[in-house]
Amino acid sequence: MKRFLIGISLFSFLIIVGCSVKETKSEELLPEGIPEFVQESDFDKIDWNKKAVTFDRNMIGNENKLGVIGMDQPSLHAQKWMWHLWGIDHSTNPTLTVVGFHKETGTVHPILSTGWSMGLSGPNNGADAHTPSTVTISKAGEWAFILYTDENIFDILVTDITE
């Protein structure tokens with residue numbers, strides 16, 4: 001009977017430890033201060049084969065959805081980017097949140113100098129909404145930028161940052 005109880009106690013301990021490890025992993029992936037609406041499952045939606053392309057006015061992105069001016073020479077130094085979004089109703093005062101995911105390390109980073117989010121302004125360069133920003137990319141490698149508008153995924157931009 002003692003062996004049976006010891007076995008059950010050990011099994012219970014392993015389950016509790018297993019749950020704790022999973023919770024720790026979640027905390028490691030999503031850094032402190034990230035908006036609550038960002039979910040780990042959002043990173044499963046990244047299509048690493050769908051790279052950003054150059055289109056109208058030297059924008060880089062996904063044509064007719066998302067374009068960035070200033071991203072044509074991505075680097076690890078602070079730089080100015082102008083975000084352009086199509087299909088946005090600007091009358092609702094939308095908010096843009098940008099979450100960077102570094103493929104090689106599997107880590108999540110803010111890239112906007114102002115934090116995770118900022119407001120969007122009205123039409124510009126043919127887009128329905130836009131906003132200027134300063135961005136800092138922390139590491140070279142393959143990146144996915146997940147953009148949210150008003151707490152919903154808007155688009156994902158995949159690119160390589162070299163130096």
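See the structure above.
Every value quoted in this text rests on a predicted model; they were computed, and no experiment measured them.

The rules we used
Residues numbered from 1 in each chain as written. Predicted model: local features only at pLDDT ≥ 70, side-chain atom pairs only at ≥ 80, totals over all residues. Heavy atoms only, no water. Core = buried A, V, L, I, M, F, W, Y, C linked by side-chain atoms within 4.5 Å. Buried < 20%, exposed > 50% of the residue type's maximum accessible area, 1.4 Å probe, protein only. Helix = DSSP H or I, 4+ residues; strand = E, 2+ residues; numbered from the N terminus. Phe/Tyr/Trp six-rings, centres within 6.5 Å; stacked < 30°, edge-to-face > 60°. Lys NZ or Arg CZ within 6 Å of the ring centre and 35° of its normal. Pairing = 2+ DSSP bridges. Axes fitted to C-alpha atoms, helices over the stretch in contact; angles between N-to-C directions.

Enquirer: Got a minute to help me understand the nonpolar core in this structure?
Expert: It is characteristic of soluble globular proteins that their nonpolar side chains tend to be buried jointly. Membership of the largest hydrophobic core comes to 24 residues, with the highest contact counts inside it found for Trp-81, Trp-83 and Phe-145. Counting residues per element, the ones that place at least two in this core are β3 (66–69), β4 (79–85), β5 (95–102), β8 (129–135), β9 (141–149) and β10 (152–161). Core analysis: the next-biggest nonpolar cluster, separate from the first, contains 16 residues, Ile-46, Trp-48, Val-108 and Ile-156 among them.

Enquirer: Sorry if this is basic, but what is going on with the packing of aromatic side chains here?
Expert: Pairs of aromatic rings are described using the distance from one ring centre to the other and the angle between the two planes. A complete count under the given rule lists seven aromatic pairs for this structure. Measuring from centroid to centroid gives 5.9 Å for Trp-81 and Phe-145, while their planes differ by 75 degrees, and the two rings are edge-to-face. Pair noted here: Trp-81 is in strand β4 and Phe-145 is in strand β9, with a separation of 64 residues, a long-range link. Residues Trp-81 and Phe-145 agree in their burial class; the two are buried. Three or more aromatic residues joined by ring pairs make a cluster, and in this case those are Trp-81, Trp-83, Trp-143 and Phe-145. If you follow Lys-65 out to its NZ or CZ, it ends over the ring of Phe-154, 4.3 Å from the centre.

Enquirer: Please explain the sheet that holds β3 as it appears in this structure.
Expert: Neighbouring strands of a sheet are bound in pairs by backbone hydrogen bonds; such pairs are parallel or else antiparallel. Strands sit in the order β1-β2-β3-β4-β8 across an open sheet of five strands; the sheet is antiparallel. Each having just a single partner strand, β1 (53–55) and β8 make up the two edges of the open sheet. The mean angle between the axes of side-by-side strands here comes to 30 degrees, regardless of whether they run parallel or antiparallel. Across three bridges, the pairing between β1 and strand β2 (residues 59–62) is antiparallel. When the sheet's bridge partners are listed, Val-53 is paired in β2 with Gly-61.

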